[in-house]
Amino acid sequence: MNRITCLLAALTLGLSSCKIYSFKDVSIPAEVKSIHIAYLENRARLVNPQLAPQLNDKFRQKVTSQASKLTQIQTSDADYDVSGYVSDYNYSTSGISNQQASSNRLSVTVHIIFKNHLDPTGRKVAPADFEADVTRNFDFPASQTIQEFETGQIATVVTNLTDEIFNKLFSNW
C-alpha cells in the first residue's frame, strides 16, 4: 500500500510540473470598448451570391456573442476597425483514383484588414494594425457538382470561415 501511495504522489508531482497547453478565449484589452465591422464584399473571380451576406451576418453574431464587451458601431472611428473582402473562391480537383477525379476542393480566401485606432503599433493596446489572408479548403466528392456542394454545405463554409477570421482577430494561440 505504501508503494502505491508513493507512486501516486510521484505521478501527481510529475504531472503537475508538466506544461499543459491550453487555448485562450477571446483576448481583448480592457481599453477597447467599440468595434466597427465593415461589410465583407465578395471580390472573387467566382461569386457565390449567398457567401458574403451569410458570412457578414455570422461574423457579426460571433463578435456579439463571443466578444460581448465590445459595442458594434456603424462608423469607422471605433477602437477596432475590421474590414476586408472575399478575395478568392475557386474549386479544383483534389484527388484522382483510377485516372478519374475522386474528390474536388473548394478554396475560399478572405482578406482581413484590422486597424487599432487606440494604438496602431500594438505596443500598449494589442494587437497592432495588420492585414492577413484567411483561407479554408473544403473537400467534396467528385460525383457532386459545385452547386450541389454549395447548396448542402454553405453553412459549414460560412461557420468555418467565421471561426477562422474571429480567431485571427481575437485569440492568443
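Structure first, text after, so check above.
Residues numbered from 1 in each chain as written. Predicted model: local features only at pLDDT ≥ 70, side-chain atom pairs only at ≥ 80, totals over all residues. Heavy atoms only, no water.

S.K.: Mind laying out unusual backbone geometry, listing which residues take part and the relevant values?
M.R.: Note that the residue after Ala126, namely Pro127, is joined by a cis bond; omega there is -10°. Considering the arrangement of structural elements, one finds Pro127 in the loop between strand E5 (100–116) and strand E6 (130–141). (Helix = DSSP H or I, 4+ residues; strand = E, 2+ residues; numbered from the N terminus.)

S.K.: Run through helix H2 (residues 51–66), naming residues and quoting values.
M.R.: Side chains three or four residues apart in an α-helix point the same way, a direct result of the helix having 3.6 residues per turn. Over its 16 residues, H2 runs 22 Å from end to end, which matches the ideal 22 Å to within 8%, given 1.5 Å per residue. Within H2, the full set of buried residues consists of Leu51, Ala52, Leu55, Asn56, Phe59, Lys62 and Val63. Buried residues in H2, looked at end-on, bunch into an arc of 135°, giving them a common side. What points out from H2, more than 90 degrees from its buried face, is the exposed set Gln61 and Ser65. Close packing links the buried residues of H2 with strand E1 (34–37), strand E2 (41–42), strand E3 (71–72), strand E4 (80–97), E5 and helix H3 (146–170). (Expected span 1.5 Å × (residues − 1). Buried < 20%, exposed > 50% of the residue type's maximum accessible area, 1.4 Å probe, protein only. Arc of directions from axis to C-beta. Contact = heavy atoms within 4.5 Å.)

S.K.: Hey, could you go over the nonpolar core for me, with residue numbers and the actual values?
M.R.: Counting residues in each nonpolar core, the largest one holds 35 residues, and the members touching the most others are Leu51, Leu106, Val108 and Phe170. Of all the secondary-structure elements, those providing two or more residues to this core are E1, H2, E4, E5, E6 and H3. Per element, the largest residue contribution to this core is 10 residues, and it comes from H3. (Core = buried A, V, L, I, M, F, W, Y, C linked by side-chain atoms within 4.5 Å.)

S.K.: Could you give an account of the pairing of E4, naming the residues involved and the relevant values?
M.R.: A regular strand places its side chains so that they alternate between the two faces of the sheet. Summarising the sheet, E1 and E4 pair through three bridges and their orientation is parallel. Of the residues in E4, the one forming a bridge with His36 is Asp81. As paired elements, E2 and E4 share two bridges and run parallel to each other. Bridge assignment links Asn42 to a residue of E4, and that residue is Val86. The pairing of E4 with E5 spans 16 bridges and is classified as antiparallel. Note on E5: the bridge partner recorded for Asn90 is Ser107. Between E4 and E5, which follow one another and run antiparallel, lie two residues, and Asn98 among them has a positive phi close to 55°. (Pairing = 2+ DSSP bridges.)

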